[in-house]
Amino acid sequence: MNAEEILAGKVLLIDKPLTWSSFQAVNKLKYILKRKYDLPKKFKIGHAGTLDPLATGLLIICTGKFTKKITEIQAQIKEYTGTIVLGATTPSFDLETEVDATFPTAHITEALILETINKFLGEIDQKPPVFSAIKKDGKRLYEHARAGEEVEIQSRKTTIYEFEITRIQLPEVDFRVQCSKGTYIRSLAYDFGLALQSGGHLSALRRTKIGDYSVENAILPDDFEQSLSNEK
């Protein structure tokens, strides 16, 4: 890899670490590449699809002229794995916030769980979490939420292509989902708990694929930096 190739365009597959924001990951790579190859201060770099800080996995970063591919990459089918904890909800639908309500789970059986996933296959209506980066009245939803402001959120259409349960050890349920652009897996966890006449929130989430790109071919930011420092 050299400066000309980066400016002409590269697609870099990064395995985003836990607690990092997608913005932090892009900035880290920008700093690494600028320092290594003496790139212009404003060279183009961006990511194709945000991951929440508490999610890990595939973050596709495009450089140079390949930043024009970002919209095309974002539109591809995404795959996630993770864990839903039943019997409790949080305002953020994940572990960013504390549990705000608890619900019974004694009635939940494996058969009920497997039956309920069918309600979420195909095109569904979904409301984004109030703790999300979507803008409303000029502010991010999470800014309204942290200020204690009530905001009406419109539901949107999204598509769940596959929803597989891979482990049941109540209150935890592991899953694998393939979905369209714009799907919030946190909302899916919340709605799944509701459909089971209980509550639900995410305790773990990992993005494994975007289209033909796989996290198996991705690299951690620190390992990426190390690999460049090993280049002669």
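Anything mentioned here points back to the structure above.
Let us look at the structure shown here.

Here's the deal with the nonpolar core
- Counting residues in each nonpolar core, the largest one holds 24 residues, and the members touching the most others are Leu 86, Ile 113, Phe 163, Phe 175, Val 177, Ile 185 and Phe 192.
- If you list the elements that add at least two residues to this core, you get β4 (78-86), β10 (156-169), β11 (172-179), α6 (185-195) and β12 (200-210).
- Once residues lying within four places of it in the same chain are set aside, the contact partners of Ile 113 are Leu 86, Ile 108, Ile 165, Ile 168, Leu 170, Val 173, Phe 192 and Leu 196.
- Judged by nonpolar contacts, the second largest core, of 17 residues, contains Val 26, Leu 33, Leu 59 and Leu 228.

Notes on the layout of surface pockets
- Counted as a void, the second largest pocket has a volume near 320 Å³.
- Surrounding the second largest pocket, 22 residues form its lining, Thr 90, Pro 91, Phe 93, Tyr 190 and Asp 191 being those nearest its centre.
- Looking at the lining of the second largest pocket, the elements that each hand over two or more residues are β7 (122-126) and α6.
- When residues in the lining of the second largest pocket are grouped by element, the largest group, five residues, is from α6.
- Here the lining of the second largest pocket is composed, by residue class, of ten nonpolar, eight polar and four charged.

Some words on the packing of helix α2 (residues 22-37) against helix α7 (residues 221-229)
- For the pair α2 and α7, interaxial distance at closest approach is 10 Å and the crossing angle is 5°. Looking at the two axes, α2 sits roughly parallel to α7. Mapping the contact onto sequence places Lys 28, Leu 29, Ile 32, Leu 33, Arg 35, Lys 36 and Tyr 37 in α2 and Pro 221, Asp 222, Phe 224, Glu 225 and Leu 228 in α7.

Looking at the pattern of salt bridges
- As enumerated under the stated definition, the model contains eleven salt bridges in all.
- Of the charged contacts, one joins Glu 225 and Lys 28 as a salt bridge, the two residues approaching to 3.2 Å between their closest N and O atoms. One end of the pair, Glu 225, is in helix α7; the other, Lys 28, is in helix α2, with 197 residues separating them in the sequence.
- Taking the relative accessible area as the measure of exposure, Lys 28 reaches 22% and is therefore partly exposed.

Some details on the side chain of Asp 174
- Following the sequence through the fold, Asp 174 ends up in strand β11.
- Here the side chain of Asp 174 touches Thr 83 through a polar contact of 2.7 Å, side chain to side chain.
- A polar contact is formed between the side chain of Asp 174 and the side chain of Arg 167, at a distance of 2.7 Å.
- With sequence-adjacent residues up to four places away left out, Asp 174 is seen in contact with Gly 82, Thr 83, Glu 164, Ile 165, Thr 166 and Arg 167.

Digging into the side chain of Glu 79
- If you trace the backbone, Glu 79 turns up in strand β4.
- Classification of Glu 79 by relative accessible area gives buried; the value is 9%.
- At a separation of 3.0 Å, a polar atom in the side chain of Glu 79 contacts the side chain of Gln 178.
- Within the structure, Glu 79 has its side chain in polar contact with the side chain of Thr 208 (distance 2.8 Å).

With respect to the packing of aromatic side chains
- Under the defined criterion, the tally for this structure stands at five aromatic pairs.
- Note on Phe 93 and Tyr 190: the rings are 4.3 Å apart at their centroids and 15° apart in plane angle, and the pair reads as stacked. One end of the pair, Phe 93, is in the loop between β5 (88-89) and β6 (101-102); the other, Tyr 190, is in helix α6, with 97 residues separating them in the sequence.
- Exposure remark for Phe 93: the relative accessible area of 13% places this residue in the buried category.

Focus: the pairing of β4
- Counting buried positions along β4 gives eight out of nine residues, so the element sits mostly inside the fold.
- Relative to β11, β4 runs antiparallel, the two sharing eight bridges. The residue bridging Glu 79 from the neighbouring strand is Gln 178, located in β11.
- Relative to β12, β4 is paired through nine bridges, and the arrangement is antiparallel.

Comments concerning the environment of Ala 3
- Position of Ala 3 among the secondary structure elements: in helix α1 (residues 3-8).
- Measuring from C-alpha to C-alpha, the distance between Ala 3 and Thr 158 comes to 39 Å, with 155 residues separating the pair along the chain.
- Residues within four places of Ala 3 in sequence aside, it is in contact with Tyr 37 and Leu 39.

Procedures and definitions
- Residues numbered from 1 in each chain as written.
- Predicted model: local features only at pLDDT ≥ 70, side-chain atom pairs only at ≥ 80, totals over all residues.
- Heavy atoms only, no water.
- Core = buried A, V, L, I, M, F, W, Y, C linked by side-chain atoms within 4.5 Å.
- Buried < 20%, exposed > 50% of the residue type's maximum accessible area, 1.4 Å probe, protein only.
- Helix = DSSP H or I, 4+ residues; strand = E, 2+ residues; numbered from the N terminus.
- Contact = heavy atoms within 4.5 Å.
- 1 Å grid on protein atoms, 1.4 Å probe; cavity = no way out; pocket = protein on both sides within 12 Å on 5 of 7 lines; lining within 4 Å.
- Points joined across faces, edges and corners; volume = space filled by probe spheres on them.
- Nonpolar A, V, L, I, M, F, W, Y, C, P; charged D, E, K, R; others polar.
- Axes fitted to C-alpha atoms, helices over the stretch in contact; angles between N-to-C directions.
- Parallel < 35°, antiparallel > 145°, perpendicular 65-115°, else oblique.
- Salt bridge = Lys/Arg side-chain N within 4 Å of Asp/Glu carboxyl O.
- Polar contact = N/O pair within 3.5 Å; in protein donor to acceptor, adjacent residues only side chain to side chain.
- Phe/Tyr/Trp six-rings, centres within 6.5 Å; stacked < 30°, edge-to-face > 60°.
- Pairing = 2+ DSSP bridges.

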